[in-house]
Structures are given as structure tokens and as C-alpha cells.
Amino acid sequence: MGAQQDKLQVRWQTEAVTGAARTLILLLAAALTACSTDSGRDELVVFGAASLTDALMMAELAFETANPEVDIKLNLAGSSSLREQVLGGARADVVIPANLGIMDELVERDEVDAGQISIVATNGLAIAVAPGNPGNIDSAADFARSEPFLGVCHPAVPCGSLAYEHFSARGITPSIDTEEPDVRALLTKVIEGELDAGIVYESDIVAADGAVDGILMDAPEVSYPAAVTERSSQPELADRFIAFLRSPDGQKIFTDVGFRQR
Amino acid sequence: MTVVANIVAQRDDFTLDLNLRIDDGETVVLLGPNGAGKSTTVAVLAGQLPLASGFVAFGDTTIDDSNDIFVPPRDRRVGVVFQDYLLFEHMNVLDNIAFGINTRGARMADARTDAGRWATRFGVGGLLAKRPSELSGGQAQRVALARAVAMQPRLLLLDEPLAALDVETRAATRRTLAQHLREFEGPRLVITHDPTDAFLLGDRIYVLEDGKVTQEGTPERIHSHPATSYVAAVAGTNLLTGRNHGGALALDDLDFELRTSNTQIEGDVLITVHPRAVALFTDEPHGSPRNTWLTTIDSVDPLGDTTRVFLADPLPIAVDITPASTAAMGLAPGVRVWASVKATEVAVAAVGSN
Amino acid sequence: MSRTIKDRPPGLLVALAAIAIALFGLPLLGLVTRTPWTELGSILTSDVVIDALWLSVVTSIAAAALSLVFGLPLAWLLARVEFRGRDAVRALVTLPMVLPPVVGGTALLLALGRRGVVGEPINDATGFLLPFSIWGVILANTFVAMPFLVITVEGALRNLDPRFETAAATLGAGPLTVFNRITVPAILPALRAGTVIAWARSLGEFGATVTFAGNLQGRTQTLPLAVFVALESDRDTAVAISLLMVVISFVVLISLRDRWWSTR
């Protein structure tokens, strides 16, 4: 069961267009990762925001190739879930949530040292438009129209709260049909054409690889902070991984999948 | 209306071939052992099994001609009293009886009024609100009968109507059933394996063995002239086989010799001994030329005004005596008695003469 | 003074059963200990919760009713009619039970969504659309809930002595009359149990609903969806809604226990 093989499938995944196939491949990849527990390698547990999925998988591959003695275990979930898991006692060496607020809460609870936090990537909001743009969406102002099918993330998750902040800053009263619990679910509905448009991250548009069209938005940046946890048993290795993410090679990975440089 | 049927039906490798005729107001009994084809007959008449060939006609109406015509069960108007009655547990007695009236088109309120009258006629008028599970076996049977008759069937069909009852209630229920059957004026068919049912309920009896009718006639005729050993056994006459040598009968399969007064028919013979011709004694009897032997009582069955006693070895035969004698002699299974039959009561017939 | 002699229940069985009870009881305990009792009233009377409660009540009852209307004939077909492919149909019915609900929701979307194989022509012809509406929630709920009713009822139909139906037929009842007046009343306990189980499954349904119908307060956001999004930001609200769901289901299931879904 080569780790190599999972990675190949993950690469292929970026070219896949349908949401269902994507879901299946992700499940498969997760299953393969779960059963390839080689002992004898240094294990580094990385908790990352779901929106970082593609970037972190590629970073894992690159880092492990350069450091064969290291085995990185990724736990990818919504930022709030990551926080709950860390506070609940889960073992993590590195945490990379999708917003600074979550990191602040971890600092308050002494899970992370404030001095250890560094930004590894930034991202921006973008409007994902269904193929062919059936709703004739040109800008965020079109979200005030009632006839297109429009979606955002739920305000409880970062991409949703950012979208609503943007609406209120621009004085837009949006006519929304669904508030999806996470950005991938939202993107899937746009790719499938169930929604005419949705507000996602720039990186999601790139990851969709042509399955949706993107319209950039003049909205505040999102930062992805990374930190070594206080309870980490591998603080040095964790530092090295974060340094790699911030290195030119690491930053190239982020920009390749649609993030902005830090 | 007369039911006429020529039933040829197939079930697995069993074939039933039966000619049947039942007139209005007549109770015909189909009597046979297990596996004779009784339940196949019920299935054919009730519409659960199509004929392989032959026909079933109710008066002028053909119900099944084994070809184009097959009237489905719901349109046959065959009132069936099932062996275990199959009363609907989620309905009370009144609604059970009203069911068949209602399905024939009567409004529910009218059907209930009508059902109440039928219940009274069948002696269950005081049980209308009861659930079937609250009824005794005899009551359930009367409800099932009322339900079947209330739909005004063209044929009333009773499938082993007494088999679900225990021995104590069977005799009493049989008597009331005989009365209640007369409440229905159309043709009536009772299916049973019990000869007592057949003789007490039937105006005419068809004996069914292995898919064929082996004898047909009135109860009296069948009782006095059994045609097969099954009929003889169930009709009460003891039928034996053996060889006659000048009045000494060597019995087949039995280590016993009977004497008969008949010396004309020699060689292989059919021997009949009527149960009432055999007498039982506690002490060894003496007198005119007779067969006497010491034996053991196998079973004692009260049949109303007679008691049927079965003897064990050396000669297992049925004996009918009065209940008074049974009590006086203290007859019970295992009791040792002397049996006696006059040589003149041992009848012989040449095999095959019938 | 009467003495009763009872066998003591085998200790091993009691011990294993106690572990099973703990498995169900401990999460409830966790929920109760983390419940924000002082703010409970204000949380549960907030717009979000009232809207979600109303949607949950309406859609779960509707899904249970639809499961009954369509599931009973299906159970009857599976139990009583021999046809080619019956085993395949039976397997198909259990699909929603083995499929992760999210996958089920995706499949519904691909079939009945706005661009779905069947959904698109229907939308083009009539303008009717299932996703992002209460109808989508009801459909997703019915999809996951109906198998429970079908399986329960089919089992009961198989245990029912078909001779009662034969008896009714000889009494002049046609097939539909037999079904309505003999078959259905005879399996009524199973029918009630199946409906209640379908309702309960529908009340807790999350994955297929959010995938197929989306999530919008007042339109498609049922209690489980409200819990899920609340977990992202406000755990007190999530716990409070969860407790509300536990109370609703307990009240309904316990009050119907004797009359409705006892096995007899």
C-alpha cells in the first residue's frame, strides 16, 4: 500500500469535475491513508482547515519525499471542528485553521503559544459561477436579485461570515437560497448547476479546475495561521514543517492551488 | 339448486378424480383418511385451485370448466367453514358475520342488522361484542357457520368442522351442528376424516381414498355393506382376511383361528364380524358353539348410546357394547376380559365377490 | 402473604445489557451536563430554533405519512406478489439504509435536482423545483425513512397467515377489500411501529437533507441542520437544540409506546 499511490489519486482528483466522484475519491484517499500506518517513521500530526485540503496533501507529499523518515498524518476538517478536537484533547503537532479568531481561542486555552503563530497563506473571496453563467451574475450586487439560485456558506463558518460582512459593507441585501455548512458543499452545488452562483474562496475556484467560472471580489483577505501546539511531542519537526510551508517551495504549492502568497 | 362436479385436479404427483352431486337441503359428507384428497377438494370448490379437467356447476352456472371459465373465489358464493374457523380477530362477532353480507353490497348498518338475526339463529346472539379469541371452540364454530350461511351461499362447505374441538365438547357440538346445518336450505358438503361425523351429519356419504371414491351411499348402506377395509374399519365392521378349511379360519398375519358356521365357501375369504356380535365377559363363558378367547382391552370410546371397545392381541377387533355393561364390568384399557363370538356371526365371502 | 419465586436473570446478560444502556445513556448525560440551563429559555424561543422546530415537525410528519402511503403498498408487493427481480427491488429499498446519507442526498440531487436527469425536464416543463424548498426536505426525509417502514411492515405481512385473506375472498371480498379490511387491520401494530420509526428517523435526518435541499433558516433548516451549523459557532445553542430534540422524541415515543408501537 504505497503512500505514493494515494498521492497520485489525490493529484488526479484536482482534475475531476463531478462532486460525487470527488467525494468518492476523497473517501478512498482517506481510507488508504488510514491503513498505511508504517511504524518506524516519525509521525507528525497536522490539523488543517478543510479549505487547505489540496495544498496540505501536496505539501505532505513534498515534505515526505524530502524527509523519508517523516510520516505526516493530516486531519482535515472545518476550523471549528478542529478547535473542538484540540480542546477535547486530540493529539496534534501543528494546527492550521482558516481564521485568526480560532487560533486566538486556542491561545486563550493555552493550547498554542501566541509567539509561535505565523501566517502560511492568505486567500480571498470569489464568486463561483455555474458553467455558462445561467444566472447572469457579474458581481456581488447580483446577489440581491431574487430569481437566480444563490448560495453562501453559513455565517457560522468563516467563508459565510466574510460574505455577509461584504454584503453589509456594500449595502447589499442578499436573496439567498441556501447557507451551506461548508465551502466544499457550496462549491459542489455550483459545479452541479443546482446553484447559479455561490461565494467561495479563490482557491476553491482554482481547485474546481474549470468546472466553475470565478469572479474576483474586492473583499478582505483571509489569513491561514499555523502554530506548533504546546502539547506537541515533536516540536522541532513541527517547526520544520511550518518553515517548509513558508519557504519558496511551500509557497509555490499554495499559489498553485489558488492561494495568495503570505 | 344442485351442485354437480366432476373434479379432476392435480397437486404435485397426487391426482384427485371425484364425481360429486349434492341436492338442495342435502348434507353430503366426503369421508376419507389423511392424504385422500379432501383438502384438494376444498381448494377446488373454494376457488383456490383450478381444475385440471372436468367441471364444477352450481345449478345452471358453471364455476370452473377447466378451460375458459374460472369464477374467482369472491364471486363463487361458496360459504366455507374452515377447520380452524379463521374468524377475523380484529372484528367482533357481529362484524365477522356482517362481513360477507356487506361485501355482497349491503350497507354496513343493514349488514349488521342482518348479521344480528343470523347470530340469534345460530345461538350466538349473546356474543355479538366478543372478539373471536374470547369464544369457546363450539361458539367459534357457530360464528363461523353463521358467517358462512349469512352470505347466502350457493354451496355450504364445512372443512373438518369438529377437528379443532376437544373430545369432551365434540359430541355436544356435533349434535347442535346437525341441527344448525338444517338452517341452510341449499346444498351442504361436510369434509371429514371422522366416521362419527360422517354417520351423524351425512344424508349421503362419499368415501374418498387415495384420490378416488371407493364407496358412495347412505350411512346405513355403508355401515352394513362396507366395500373396503378402510370403510369397514371406519364404519365399524371388522374386516379380516384368511382361508377357510371346513369352518376353521386361518387368519392372515394373525396367530389366531376363528370358527365359522359357513363351510360352503372354502379357500381365501373375506371375513366380517360385526362389533355388536362380540360379547365380553369377566369370567370364561360356556355354552353353544362359539369362539372364546382371553384378551386385553386396548381402548374404550364412548359413542353416545354405545361404547366402542377395541381389543388388543391376539385378535385386534372392535366391539360395541352398552355403556351400562362397560360400567358394570369396569372396562378400561389394560383390563383382561374374555371375548366371545358365535360361529354363526362370523360371515365369510369369497375374495373378489363383493 | 404470598411468596413468589423468580429465577434471577443471568448475570452475564444483565452486565452486557447494562453496557448497552450506558452506551445510550452516557451521551445523554453529557448533553444534560453541558446544557446552558439559565439561557435555555431564550435560546429555545429564538427565531432560528422556532423556525427549525416548525420545519422539523412538519417535514417529519409529512415524511412519515408519505412513507406510509407509498411504503405500505411496496411492502405488500414484496411480501405477497412474486415477480421477477423481487430480490433486486428489496435490495434497492434498503439502499438508503446502507448509503451514507450525504451520498444519498448527492444521488437525489443528480436525479431530481435542478440539473438532474429527471429534475431538469420537470423543472423546464412545470417550473417545479425540489431543492432549496420544503418539498426537497420532505423528499430527502422520505428517502431515508421509508425503508424502515417497508422492512417492518413486510416482516409483519410475511408472518400473517394468508388463509385469513383466503377466507375473506370466499366471503365475497375483492382484493382491495381484503387488503383494506383484513390485511391492514391485522398488521396494524407493525404499521404503527413502522410509521413511528420512520418518523423518528426523519426527525433526526441531516445528511441527505442538507445535500439535497440546502440549508436556509425558515425554508429548509430543520433542527438537525440548525444543530450542525450551531456547532460551528455557538455550542450552547447546539446543545440546547439537541436537548430539545431528545425531549420531543422521548415524549412522542413514550406516549405512543403502549397504543402505537408495542409489538402486539
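Residues numbered from 1 in each chain as written. Chains lettered and ligands numbered in written order. Predicted model: local features only at pLDDT ≥ 70, side-chain atom pairs only at ≥ 80, totals over all residues. Heavy atoms only, no water.

Trainee: Requested: an account of the overall build of chain A, with residues and values cited.
Mentor: In terms of helices and strands, chain A carries 10 helices and 10 strands. Out of the 262 residues in chain A, the part that is buried amounts to 53%. Of the accessible surface of chain A, which amounts to about 10500 Å², a share of 53% is contributed by carbon and sulfur atoms. (Helix = DSSP H or I, 4+ residues; strand = E, 2+ residues; numbered from the N terminus. Buried < 20%, exposed > 50% of the residue type's maximum accessible area, 1.4 Å probe, protein only. Areas by Shrake-Rupley, 256 points an atom, 1.4 Å probe, with all protein chains shown as cover.)

Trainee: Any chance you could break down the interface of chain A and chain C for me, citing the residues and the numbers?
Mentor: Counting residues at the interface gives 22 residues for chain A, matched by 23 residues for chain C. Summed over both sides, the interface of chain A with chain C buries roughly 2000 Å², with 55% coming from carbon and sulfur. Put simply, chain A and chain C have 3 salt bridges between them. For the salt bridge of C:R235 with A:E84, the shortest nitrogen-to-oxygen distance reads 2.5 Å. Applying the counting rule to chain A against chain C returns 9 residue pairs in polar contact (both at pLDDT 80 or more). Breaking the side of chain A that touches chain C down by element, the ones donating at least two residues are α4 (79-87) and β7 (178-180) of chain A. Examining the composition of the side of chain A that touches chain C, we find that 4 residues originate from one element, α4(A), more than from any other. Residues of the side of chain A that touches chain C, tallied by class, amount to 8 nonpolar, 5 polar and 9 charged. (Contact = heavy atoms within 4.5 Å. Buried area = accessible area lost by both parts, 1.4 Å probe. Salt bridge = Lys/Arg side-chain N within 4 Å of Asp/Glu carboxyl O. Polar contact = N/O pair within 3.5 Å; in protein donor to acceptor, adjacent residues only side chain to side chain. Nonpolar A, V, L, I, M, F, W, Y, C, P; charged D, E, K, R; others polar.)

Trainee: Tell me about unusual backbone geometry, and name the residues and values.
Mentor: Residue and element names in this part refer to chain B. Note that the residue after D313, namely P314, is joined by a cis bond; omega there is 5°. Tracing the backbone shows P314 in the loop between β17 (307-311) and β18 (318-321). One non-glycine residue, D12, adopts positive backbone phi at about 50°. The residue D12 is located in the loop between β1 (3-11) and β2 (14-22) in this model. Backbone geometry places Q152, a non-glycine residue, at a positive phi of 50°. Among the secondary structure elements, Q152 is positioned in the loop between α5 (137-150) and β7 (155-159).

Trainee: Explain the sheet that holds strand β10 (residues 222-228) of chain A residue by residue, including any values.
Mentor: Residue and element names in this part refer to chain A. One open sheet holds the 5 strands; their spatial order is β2-β1-β3-β10-β4, and the pairing between them is mixed. Sheet topology places β2 (70-77) and β4 (118-123) at the edges, where each strand pairs with a single neighbour. The mean inter-strand angle of the sheet, taken between neighbouring strand axes irrespective of direction, is 20°. By the bridge criterion, 8 bridges tie strand β1 (residues 42-49) to β2 in an arrangement that is parallel. Opposite D42, over in β2, you have V70 as the bridge partner. (Pairing = 2+ DSSP bridges. Axes fitted to C-alpha atoms, helices over the stretch in contact; angles between N-to-C directions.)

Trainee: Quick one: what's the story with the domain arrangement of chain A, residue by residue and with numbers?
Mentor: Residue and element names in this part refer to chain A. According to the domain assignment, chain A contains domain 1 (38-122 + 224-256) and domain 2 (125-216). The straight-line distance from the C-alpha centre of domain 1 to that of domain 2 is 28 Å. Every contact between the two is made by 7 residues of domain 1 and, on the other side, 6 residues of domain 2. At the junction of domain 1 with domain 2, the criterion picks out 0 salt bridges. Scanning the region where domain 1 abuts domain 2 turns up 0 residue pairs in polar contact (both at pLDDT 80 or more). (Domains from an automatic or database assignment.)

Trainee: How would you summarise the state of the cysteines if you had to cite specific residues and measurements?
Mentor: Residues and elements named next belong to chain A. Overall, the coordinates contain 1 disulfide over all chains when judged by the stated rule. The disulfide that involves C153 links it to C159, with 1.9 Å between the sulfurs. Judged by the torsion about the S-S bond (-100°), the C153/C159 disulfide is left-handed. Assigned by exposure class, C153 and C159 land together as buried. (Disulfide = S-S within 2.5 Å.)

Trainee: Kindly report on the interface of chain C and chain B, identifying the contributing residues and their values.
Mentor: Contact with chain C, which involves 17 residues of that partner, is made by 20 residues of chain B. Regarding the contact of chain C and chain B, the summed buried area is about 1700 Å², with carbon and sulfur atoms giving 66% of it. Joining chain C to chain B, the criterion identifies 1 salt bridge. Note that B:D84 is salt-bridged to C:R163, the shortest N-O span being 2.6 Å. Run the count over chain C and chain B and you get 5 residue pairs in polar contact (both at pLDDT 80 or more).

Trainee: Let's hear about the packing of aromatic side chains: which residues, and what values?
Mentor: Under the criterion given, the structure shown has 12 aromatic pairs over all chains. Centre to centre, the rings of A:F143 and A:F167 are 5.6 Å apart; their planes meet at 40°, and the pair counts as tilted. Of the two residues, A:F143 is situated in the loop between β5 (125-129) and β6 (150-153) and A:F167 in helix α6 (residues 158-170); the sequence distance between them amounts to 24 residues. With a centroid separation of 5.2 Å and an interplanar angle of 65°, the aromatic rings of B:F88 and B:F99 are classed as edge-to-face. In this pair, B:F88 sits in the loop between β6 (78-81) and α3 (93-103) while B:F99 sits in helix α3, placing the two residues 11 residues apart along the sequence. (Phe/Tyr/Trp six-rings, centres within 6.5 Å; stacked < 30°, edge-to-face > 60°.)

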